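# Remarks on the overall topology
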Amino acid sequence: MASCSTPCRRLRTVLLVTLALLTGGVHAEPPASEPPELLLVTGEWPPYTSASMPDGGCLTPIVAEAARRMGYRPRIDFYPWRRAEAAVREGTAFAAFPYASSPERERSFNFSDPLWITRTVFFYDREHYRGPMRWRSLEDLAALRLGGLLGSYYEPALRGSGLAVEYVNSDEQNFRKLHAGRLDLVPTDELQGWWMIEKLFPRQRDNFETLIPAYQSAPSRLMISRGYAQEKTLTLAFNNALSQLQASGFIAQTMAACIARGPTAPQSPPIVPLVTEP
């Protein structure tokens, strides 16, 4: 029988060990257990959240990183906004984001510390708009046609205002109707609105403007289920992780990098600065 050289013996040893592993003859170290899953839900609200954007939008990687720092494996599902709210209400998801708190929502949900500060303004197209440039109360807009977003934080206020508001499922629908002259005003976050305009109408960007003053500035947060297991402990852990991310500069860097990519580069909407509530 021919002798086996040293390299031959080493190769045979590797093969034998591999076969033993495959057949269970040698026991390898058991793999580390995976972190538990934490389900969070969101919807289409670019650039903050979108299934079609890298990393799921600007805020999604911030929420995901906070969950990882809590010791969880984040699972982020994209739903229509009303379904997202229902999942949180039923306790099947820990939280939905990004949501502004309101008296109506606070009756059913809890909220995290702020993720980002959003500023809602009324957009108009100068080619079609014939209304006031400034406003003081919603009554000043009574003669105008508004486009609203179903499930938005401002929906209850607008429904109770007596204004003529057409509600749709996406801001893209509203901006297309605004550009076509079928609406006079669209309320939405300032950054989100300019992002949408840059994406849909880059050559007509200068046609759009916003009313003065802004409708409202409000923190965007996690809207948290009161029926989710260990909700209070999870909320505290999330807020602690979020504070760490803010202190490290992770939030500002992530937002700046996301916005700089823009929907149709090279031009991008202005960055809304992060502000901390007093």
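Calculation notes
- Residues numbered from 1 in each chain as written.
- Predicted model: local features only at pLDDT ≥ 70, side-chain atom pairs only at ≥ 80, totals over all residues.
- Heavy atoms only, no water.
- Disulfide = S-S within 2.5 Å.
- Helix = DSSP H or I, 4+ residues; strand = E, 2+ residues; numbered from the N terminus.
- Buried < 20%, exposed > 50% of the residue type's maximum accessible area, 1.4 Å probe, protein only.
- Arc of directions from axis to C-beta.
- 1 Å grid on protein atoms, 1.4 Å probe; cavity = no way out; pocket = protein on both sides within 12 Å on 5 of 7 lines; lining within 4 Å.
- Points joined across faces, edges and corners; volume = space filled by probe spheres on them.
- pLDDT = per-residue confidence, 0-100.
- Contact = heavy atoms within 4.5 Å.

Once that is clear, we can look at the state of the cysteines. Working definition: the covalent bond between the sulfur atoms of two cysteines is a disulfide. The full count for this structure, using the stated rule, is one disulfide. Between the sulfur of Cys58 and that of Cys258 lies a disulfide, 2.0 Å long from S to S. Note on the Cys58 and Cys258 pair: the S-S dihedral is about -75°, so by sign convention the disulfide is left-handed. Here Cys58 is found in the loop between β1 (37–42) and α2 (60–69), whereas its partner Cys258 is found in helix α9 (residues 250–261), with 200 residues between them in sequence. There is no split in this pair, since Cys58 and Cys258 are both buried.

What helix α6 (residues 171–179) keeps buried is the set Asp171, Asn174, Phe175, Lys177 and Leu178. Buried residues in α6, looked at end-on, bunch into an arc of 160°, giving them a common side. Just downstream of α6 lies Gly181, where phi reads positive at about 85°.

Right, let's get into empty space enclosed by the protein. Across all of its chains, the model carries one cavity of 30 Å³ or more by this definition. Estimated volume of the largest cavity: approximately 250 Å³. If you trace the largest cavity, you find 19 residues lining it, with Trp45, Pro98, Leu149, Ser152 and Tyr153 closest to the centre. Broken down by element, the residue count for the lining of the largest cavity peaks at three residues, all from strand β8 (residues 186–189).

Right, let's talk about the confidence of the model for the protein chain for a bit. Residue-level pLDDT values for the protein chain average 85, and 83% of them are 70 or greater. Every residue in residues 10–30 is under pLDDT 50, and counting partners more than four places away or in other chains gives four contacts. Residue range residues 264–278 is modelled with pLDDT below 50. Its contacts to residues more than four positions away, or to other chains, number 36 contacts.

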